[in-house]
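Secondary and tertiary structure notes
The lines below spell out each chain.
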Amino acid sequence: MMEKLRLATLWFDGCSGCHMSLLDTDERLLELTAFLDIVYSPLVDVKEFPDKVDITCVEGAISSPEDERMLVRVRNSSRLLVALGDCAVTGNIPAMRNIEGAPAMLRSIYTSGNGLQPQIPALDLPALNDKALPLHRFVPVDLFIPGCPPGADTLFTALTALIHGNTGHIALPTCFGA
Amino acid sequence: MTTPILTLTIDGKEVSGLAGETILQVARENGFFIPTLCWLDGLTSAGSCRLCMVEIKGSAALHPACITLIQEGMAVTTSSERLLRYRRAIIELLFSERNHVCAVCVVNGHCELQTLAQQLGIDHISFPGLYPDLPVDASHPRFVIDHNRCILCTRCVRVCGEIEGAHTWDVKNRGVRSQIVADFDTPWGDSTTCTGCGKCVHVCPTGALFEKGKSVAEMFKKPLGLPYLKAIRDLGV
Ligand code: SF4
Ligand code: SF4
Ligand code: SF4
Ligand code: FES
């Protein structure tokens, strides 16, 4: 039996839909975990990103200095970095704010209506970068999986290919917006 | 006088066509796929998107198949590493130039730009996005133009001028600042020339033109049978 590969997944500025797609692989998750150990993920209780990871799948755009710092840390500790879903691949919906910038977006959401005591939440929240950007604007990415979210079959196909050491072109039945 | 028949090769296969036909026409007649975006059967060819570029033996330049006429003895190549590289770059530049968010777009799942990206194997956009601040004009009672999704193919301009005969649309400015305008840059709803026929909406390859009330992925474009409409127009019936 070959040694299991170490898989990490992260969730930056996204909606968790890509992680839901991963869970949507249903019983095939067991097939995957026969080859993979999930060493860090919103789905498991590990606080610190480990030092040596084989495959890291990242959901979400990079939206804050904290995201940036974490992404670099993750890239340095991972053999393969996968951009999981449209937000990580293109910026997608979080990047809709890029037209006017983060402060304008926060104002329009929190203070432009007729709410009671309108205020922009700031306490204990990371400051937002002006733009939400895809991963490859910051670090090299080994595999892009577009789709919002990419389907369970797509994720299963991609992870299976990576498990078998196929890192060249992997044909995936997905596209932007899929 | 009969039209001369010319013989040429496409991807090594010997084919023939009538003098005056374009490389694209002859390629399609013979089952070769050349991607196109600004070209639409029944409209004049603009030759502006450059997606249909092909290689011609003996010429270092690339040639747009939709406006290049066939010649006797021509040797055409429709796909190569180099062509794929350029075609991908064109599509990626279109994505980075305006604001495309397929997941929440009215034509998600049936958009020519999105489909071409997938066909050409584009899985990310190498160029940084420009994120321009562009208007959405919903002043027309039945239709909307969202400039965020417009790729400036000018199909709307041509169908409105050439088939409907209204010539409501045109292009203002140049280069990256170009924008489609109704009449003399008035809100579409105030246009005195638009007949409300909807032809522009249905030839638009993207989600830039759509029917009011359509939400994410709900807008389907109908083929209009333009060559047929054009033939009727030319007959004057
Ligand atoms: S117009 Fe097409 S490519 Fe642009 S956002 Fe809509 S679906 Fe995506
Ligand atoms: S609806 Fe018809 S007349 Fe009006 S702009 Fe479009 S093509 Fe022209
Ligand atoms: S509105 Fe549509 S048809 Fe007109 S130029 Fe833009 S993309 Fe082309
Ligand atoms: S299709 Fe030929 S240049 Fe656009």
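In this text, all values refer to a predicted model and were calculated from it rather than measured experimentally.

Now for the site of ligand 1. In the region of ligand 1, the neighbouring residues are B:Phe95, B:His100, B:Val101, B:Cys102, B:Cys105, B:Val107, B:Cys111, B:Leu113, B:Gln114, B:Arg149, B:Thr206 and B:Gly207. Considering only residue class, the shell around ligand 1 consists of seven nonpolar, four polar and one charged.

This part takes up the pairing of strand E3 (residues 53-56) of chain B. Note on strand geometry: in a regular strand, side chains alternate between the two faces of the sheet. Residue and element names in this part refer to chain B. Side-chain alternation along E3 places Met53 and Glu55 on one buried face and Val54 and Ile56 on a second face that is also buried. Inspection of the sheet shows E3 paired to strand E4 (residues 62-64) by three bridges, in the antiparallel sense. Following the sheet pairing, Glu55 is matched in E4 by Leu62. Linking two consecutive strands that pair antiparallel, namely E3 and E4, is a turn of five residues; a positive phi of about 95° is found at Gly58 within it. Direction of pairing for E3 relative to strand E5 (residues 75-77): antiparallel, over a ladder of two bridges. Within E5, the residue paired with Ile56 across the bridge is Val76.

Here we take up the packing of helix H4 (residues 155-164) of chain B against helix H6 (residues 226-235) of chain B. Residue and element names in this part refer to chain B. Between H4 and H6, whose axes approach to 10 Å, the crossing angle comes to 35°. For the pair formed by H4 and H6, the contact residues are Val159, Gly161, Glu162, Ile163 and Glu164 on the first element and Leu226, Leu229, Lys230 and Arg233 on the second. A breakdown of the residues in the contact of H4 with H6 according to their chemical character gives four nonpolar, one polar and four charged.

Once that is clear, we can look at a negative patch on the surface. A cluster of acidic side chains, namely A:Asp24, A:Asp26, A:Glu27 and A:Glu31, defines a negative patch on the protein surface. Mapped onto the secondary structure, A:Asp24 falls in the loop between helix H1 (17-23) and helix H2 (28-33).

Now for the sheet that holds strand E4 (residues 78-84) of chain A. All names here are of chain A. Taken in spatial order, the five strands of this open sheet run E2-E1-E3-E4-E5, and their pairing is parallel. Looking at strand neighbours, the two that pair on one side only are strand E2 (36-40) and strand E5 (143-145), the edges of this open sheet. With direction set aside, neighbouring strand axes in the sheet form an average angle of 25°. Taken together, the six bridges between strand E3 (residues 53-59) and E4 define a ladder with parallel strand orientation. Within E4, the position partnered with Cys57 by the bridge is Val82. Its contacts with the sheet place helix H3 (residues 65-77) against strand E1 (5-11), E2, E3 and E4, and it is angled at close to 130° to E4. The strands touched by helix H6 (residues 152-163) within the sheet are E1, E2, E3, E4 and E5, with E5 carrying the most contacts at an inclination of about 165°.

Time to look at unusual backbone geometry. Cis geometry is found at the peptide bond from A:Cys148 to A:Pro149, where omega equals -10°. Non-glycine residue B:Ala217 carries a positive phi angle of around 65°. Relative to the helices and strands, B:Ala217 is located in the loop between strand E10 (209-211) and H6. Assessed through its relative accessible area of 28%, B:Ala217 is described here as partly exposed.

This part takes up the interface of chain A and chain B. Contact residues are listed per partner, giving 21 residues for chain A and 21 residues for chain B. Taking both sides of the interface into account, the surface hidden between chain A and chain B amounts to around 1,600 Å²; carbon and sulfur atoms contribute 66%. In this structure, the connection of chain A to chain B is made through seven residue pairs in polar contact (both at pLDDT 80 or more). Taken together, the residues of the side of chain A that touches chain B break down into 13 nonpolar, five polar and three charged.

We now examine the domain arrangement of chain B. Residue and element names in this part refer to chain B. According to the domain assignment, chain B contains domain 1 (5-79) and domain 2 (101-235). One C-alpha centre belongs to domain 1, the other to domain 2, and the line joining them spans 26 Å. Taken together, the contact between domain 1 and domain 2 spans 15 residues of the former and 17 residues of the latter. Buried surface at the junction of domain 1 and domain 2, both sides included, amounts to about 1,200 Å², of which 65% is carbon and sulfur. Scanning the region where domain 1 abuts domain 2 turns up zero salt bridges. Our count for the domain 1 to domain 2 interface comes out at four residue pairs in polar contact (both at pLDDT 80 or more).

Scoring rules and cut-offs
- Residues numbered from 1 in each chain as written.
- Chains lettered and ligands numbered in written order.
- Predicted model: local features only at pLDDT ≥ 70, side-chain atom pairs only at ≥ 80, totals over all residues.
- Heavy atoms only, no water.
- Near = heavy atom within 4 Å.
- Nonpolar A, V, L, I, M, F, W, Y, C, P; charged D, E, K, R; others polar.
- Buried < 20%, exposed > 50% of the residue type's maximum accessible area, 1.4 Å probe, protein only.
- Helix = DSSP H or I, 4+ residues; strand = E, 2+ residues; numbered from the N terminus.
- Pairing = 2+ DSSP bridges.
- Axes fitted to C-alpha atoms, helices over the stretch in contact; angles between N-to-C directions.
- Contact = heavy atoms within 4.5 Å.
- Patch = residues over 30% accessible without salt bridge, like charges linked within 9 Å, V, L, I, M, F, W, Y side chains within 5 Å.
- Areas by Shrake-Rupley, 256 points an atom, 1.4 Å probe, with all protein chains shown as cover.
- Salt bridge = Lys/Arg side-chain N within 4 Å of Asp/Glu carboxyl O.
- Lys, Arg positive; Asp, Glu negative; His and termini not counted.
- Charge placed at Lys NZ, Arg CZ, Asp CG, Glu CD.
- Buried area = accessible area lost by both parts, 1.4 Å probe.
- Polar contact = N/O pair within 3.5 Å; in protein donor to acceptor, adjacent residues only side chain to side chain.
- Domains from an automatic or database assignment.

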